[in-house]
Amino acid sequence: MRRLIILLFILIACSTASPTPTPEPGDTPNPTSTLRPTDTPEPTDTPEPTNTLEPTEPSTPRPTRTPLSATEAPLEDTASRLERLGGYPCPDSDFTCVNVTVPLDHFNAQDERRIDVVFGVLPATGERQGMFVTVVGGPGSSGLLSADAYTSYFDPGITEHFDVVFFDQRGVNLSGGLQCAQAAADFYRADWDATTPTDEENLLDVAQTFVEDCIAEMGDPEILPYLDTVQAVEDVEAFRGMMGDEQLWLYGESYGTQFAQTYAASHPDRLAGLILDGTVDLTLTDIEFLKGQAQAFNDVLVETLQACNDDVLCAEAMGHDALAVYDGLAARLKQAPLPFDFPLSTGGVERREFTFPDLEATTGYLYSETARMLFLRALAAYARDDTLVPLARVLYNSLYLDPDTLQAVPDPSYSDAVYYAVTCRDYAHAGNTPEERALGFLRAGDEMDASLSRMASVFYGDLPCVFWPYPQEDQTRPAPLKAEGIPTLVLNATTDPATPYSDAVSVYSQLADGYLVTETGGPHVIFGWGNACVDSLVAAFLVEAKLPAERETVCEGVVASEFVPLAPLDAAEFENPLEALASVDDEIYYLPEYYYWDYTTPTAIACPFGGTLAFESSAAGETFMLTECAFSDGFVMTGHGSYDTDQDLFTLKVSVTGLQEGALTYTRDGEGTLRVTGVYGGETIDLEG
């Protein structure tokens, strides 16, 4: 998908469509972390789908430039074919990687330059029905670094009957590794206000500086003019021909729907079926898309805050109307940045400022239901005791900043450099010079500044494109995709902030054989998040070649996950040590640094009332070290913990000081049963809940 002012996005899921940055913290937690029964993306108790309507007739897609022809390969079993093509194990993966050498410019036969694009294949374990290719979001997300996690949530029938394929799009990770993480982090934390002429001048300077710094950081590579989607689509077509399949099944999420629609328009005869998830309307200009996206972020923020008001525990923690709390904080920040002390994992605190752009950047946590709940917990902490530290943690995690140093943390799974290199080639802006394009962009933003009290800054996410080298000059947008003869599922949530629901409806309405699957509430990108209604429709579409019973299906979802109460400020509020350690368990699990941990990097954070928590991966799962760590005043822990993946068992063994002294062992098993044993306050403890 598109990335918005912050990364998104995590998650994994990373990410949109053409314009604006996603993530993404990505937004899926590490699947091997200490998932609790309620958090695992298992099928949920979802009502039967509700069906309605028939689609309207579409118009014919506009053909794109004609590329050089792809070369067919002889059919053979997948394992043999991969071996013949020089396949090798993908790093830390069950997939087999293969390098596909393709033209740098597919549309210029005179240009003999070549690049390698890396694809990963997981051969079908049973009777093969075809090849299922996933195009992840961004642009700029790594398909190969998402492949194993995504596939773990597939219906078993998909991996049994399909060769599953992911790839790193040209320029990304193994296919180029282009990055400008520090330039992006500086850009996303800058002031994007464009209210006054002076503000506009500053914003233009910020955008131009980002472009210069980003290109310098990635080394101004010769591939830069050739990263647009029409080129990348031909890389997939070359791979298909090399693998010898006449047709493939194509799934695109967020920006991947932009890619998938472009492939469908260019190579309709090569598609057996199409799935668009978190859908981009390619007929829109960048400006039109950004206006809709900014409005969607505002609307999802409001719905998230209202969901807090409707959740008894969240409303109690917030203490006031959640929308009023957010707007009150925004008003304070618009007047001046707020100083706060941020605790460092190395000891001590550092005086910092929290700004209005920082607040808007935290809404990168609007991409999914649990992320929204984490954002609400941070906002509730501010409402309770005026602390900005939890919101700062959300901010730093959104932007992939080291909380101690505020330096950008390299993330091979996402590239801001590729995001802009693709987006700025895919979308043209009116004007013959950067100055003319910038003026047109700013004037279009006037409407958003006037009409949106929240999240108007989202609109300016693609402003760097007016200064990007090799700008797209053709302002013609593609005609609506009809996809004649290609059964197509269009998936979208009503609370998708990055690819607005209205875009999905628009795309669906033009398809010759389209089926719309709507999740009420829900995240950005809805397949694979554990909604059985959605996932079963996709599995049946692929494995059984079964179409939904009706043209439109509605699946129930939620806006935000159930609120998890904050740890009390004073440990005296705990009735017993089991309640205290269960609260500690919650605080660790829902720390942004842990919830979106990469499961690779040893990480340490400062605890709210002193001390540190450190965690790292181990052969059995994860290990934790607590050193005088307190999440509530008066319950200070020193000791260690672990999560055993095979046993699905979380354990803490700590000595406790503060209100009472003791030595306690706490466990949480896969059934959610909690137990604490040991000595506390001179008494033997054995409690279960």
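Preceding block: the structure.
All values derive from a computational prediction rather than experimental measurement.

Parameters at a glance
Residues numbered from 1 in each chain as written. Predicted model: local features only at pLDDT ≥ 70, side-chain atom pairs only at ≥ 80, totals over all residues. Heavy atoms only, no water. Helix = DSSP H or I, 4+ residues; strand = E, 2+ residues; numbered from the N terminus. Salt bridge = Lys/Arg side-chain N within 4 Å of Asp/Glu carboxyl O. Buried < 20%, exposed > 50% of the residue type's maximum accessible area, 1.4 Å probe, protein only. Contact = heavy atoms within 4.5 Å. Pairing = 2+ DSSP bridges. Phe/Tyr/Trp six-rings, centres within 6.5 Å; stacked < 30°, edge-to-face > 60°. Lys NZ or Arg CZ within 6 Å of the ring centre and 35° of its normal. Core = buried A, V, L, I, M, F, W, Y, C linked by side-chain atoms within 4.5 Å. Axes fitted to C-alpha atoms, helices over the stretch in contact; angles between N-to-C directions. Parallel < 35°, antiparallel > 145°, perpendicular 65-115°, else oblique. Nonpolar A, V, L, I, M, F, W, Y, C, P; charged D, E, K, R; others polar. Left-handed = near helix turned anticlockwise from the far one by under 90°.

S.K.: Lay out unusual backbone geometry with the relevant residues and their values.
M.R.: Note that the residue after glycine 138, namely proline 139, is joined by a cis bond; omega there is -5°. Structurally, the position occupied by proline 139 is in the loop between β6 (130-135) and α2 (147-151). One non-glycine residue, aspartate 648, lies in the positive phi region at around 50°. As for its position among the elements, aspartate 648 is in the loop between β18 (635-644) and β19 (649-658).

S.K.: Talk me through the pattern of salt bridges; I want residue IDs and the actual numbers.
M.R.: Enumeration according to the criterion identifies 25 salt bridges in this entry. The closest approach of N and O atoms between glutamate 237 and arginine 270, which form a salt bridge, is 3.8 Å. Within this pair, whereas glutamate 237 is found in helix α6 (residues 229-243), its partner arginine 270 is found in the loop between α7 (255-266) and β9 (271-277), the two being separated by 33 residues in sequence. Comparing glutamate 237 with arginine 270, the two get one shared label, buried. For aspartate 446, the salt bridge identified is with arginine 443, shortest N-O distance 2.7 Å. Taken together, the residues span about one helical turn, with aspartate 446 and arginine 443 both in helix α15 (residues 434-451) at a distance of three residues.

S.K.: I'd like to hear about the environment of alanine 614, residue by residue, with values.
M.R.: Examined against the element boundaries, alanine 614 turns out to sit in strand β16 (residues 612-617). The partly exposed category is assigned to alanine 614, whose relative accessible area is 27%. With 26 residues separating them along the chain, alanine 614 and histidine 640 place their C-alpha atoms 9.3 Å apart. Ignoring anything within four residues of it in the chain, the contact list for alanine 614 reads Thr603, Ala604, Thr623, Phe624 and Met625.

S.K.: So what about the pairing of strand β7 (residues 162-167)? Which residues, and what values?
M.R.: Judged by how many residues are buried, β7 sits mostly within the fold: six of six residues are covered. Residues of β7 alternate between two faces, with Phe162, Val164 and Phe166 on one and Asp163, Val165 and Phe167 on the opposite face, all of them buried. Pairing geometry for strand β5 (residues 114-122) and β7, over four bridges, is antiparallel. In the sheet register, phenylalanine 119 faces β7, and the bridge partner there is phenylalanine 167. Where β6 lies against β7, four bridges are found, and the strand directions are parallel. Residue phenylalanine 132 lies in a different strand from β7, and its bridge partner there is valine 164.

S.K.: Which residues make up the environment of leucine 224, and what are the values?
M.R.: Note that leucine 224 resides in the loop between α5 (197-218) and α6. In this view, leucine 224 contacts Ile215, Met218, Ala421, Trp468, Pro469 and Tyr470; residues no more than four positions away in its chain are not counted.

S.K.: Account for the packing of aromatic side chains, with residues named and values stated.
M.R.: Aromatic rings considered in pairs are described by the distance between their centres and by the relative angle of their planes. Tallying each qualifying case throughout the model produces 42 aromatic pairs. Here the aromatic rings of phenylalanine 132 and tyrosine 251 are separated by 6.4 Å at their centres, their planes lie at 55°, and the arrangement is tilted. Placement of the pair is phenylalanine 132 in strand β6 and tyrosine 251 in strand β8 (residues 248-253), with a sequence separation of 119 residues. Note on accessibility: phenylalanine 132 and tyrosine 251 belong to one class, buried. Judged by centre distance (5.1 Å) and plane angle (85°), the rings of tryptophan 597 and phenylalanine 615 are edge-to-face. Of the two residues, tryptophan 597 sits in the loop between α19 (592-595) and β15 (603-606) while phenylalanine 615 sits in strand β16, which places them 18 residues apart along the sequence. Overall, the relative accessible area of 2% leaves phenylalanine 615 in the buried class. Through successive ring pairs, a cluster of aromatic residues spans Tyr365, Tyr589, Tyr590, Tyr594, Tyr595, Tyr596, Trp597, Tyr599, Phe615, Phe624, Phe650 and Tyr666. If you follow arginine 477 out to its NZ or CZ, it ends over the ring of tyrosine 427, 4.2 Å from the centre. A cation sits over an aromatic face here: arginine 551 above tyrosine 515, 4.4 Å from the ring centre.

S.K.: Account for the nonpolar core, naming residues and giving values.
M.R.: In this structure, Phe239, Trp468, Leu613, Phe635 and Met637 are the most contacted members of the largest nonpolar core, which totals 177 residues. Looking at which element gives the most residues to this core, the answer is helix α12 (residues 369-385), with ten residues. Ranked by size, the runner-up nonpolar core spans 34 residues in total, among them Cys97, Phe166, Ala493 and Leu542.

S.K.: I'd like a rundown of the packing of helix α8 (residues 286-310) against helix α10 (residues 322-335), residues and numbers included.
M.R.: Between α8 and α10, the least distance of the axes is 7 Å, while the angle of their chain directions is 130°. As the angle between them shows, α8 and α10 are arranged oblique. Seen from α8, the contacting residues are Leu301, Val302, Leu305, Cys308 and Asn309; seen from α10, they are Ala322, Leu323 and Tyr326. By residue class, the composition of the contact of α8 with α10 is seven nonpolar, one polar and no charged.

S.K.: How would you summarise the packing of helix α4 (residues 181-188) against α5 if you had to cite specific residues and measurements?
M.R.: Contact pair α4 / α5: the axes reach a minimum separation of 8 Å and the direction vectors enclose 165°. Our classification of the angle between α4 and α5 gives roughly antiparallel. Helix-helix and strand crossings are classified by hand; for α4 and α5 the assignment is left-handed. Residues Ala181, Gln182, Ala183, Ala184 and Phe187 of α4 pack against Val206, Ala207, Phe210, Asp213, Cys214 and Glu217 of α5.

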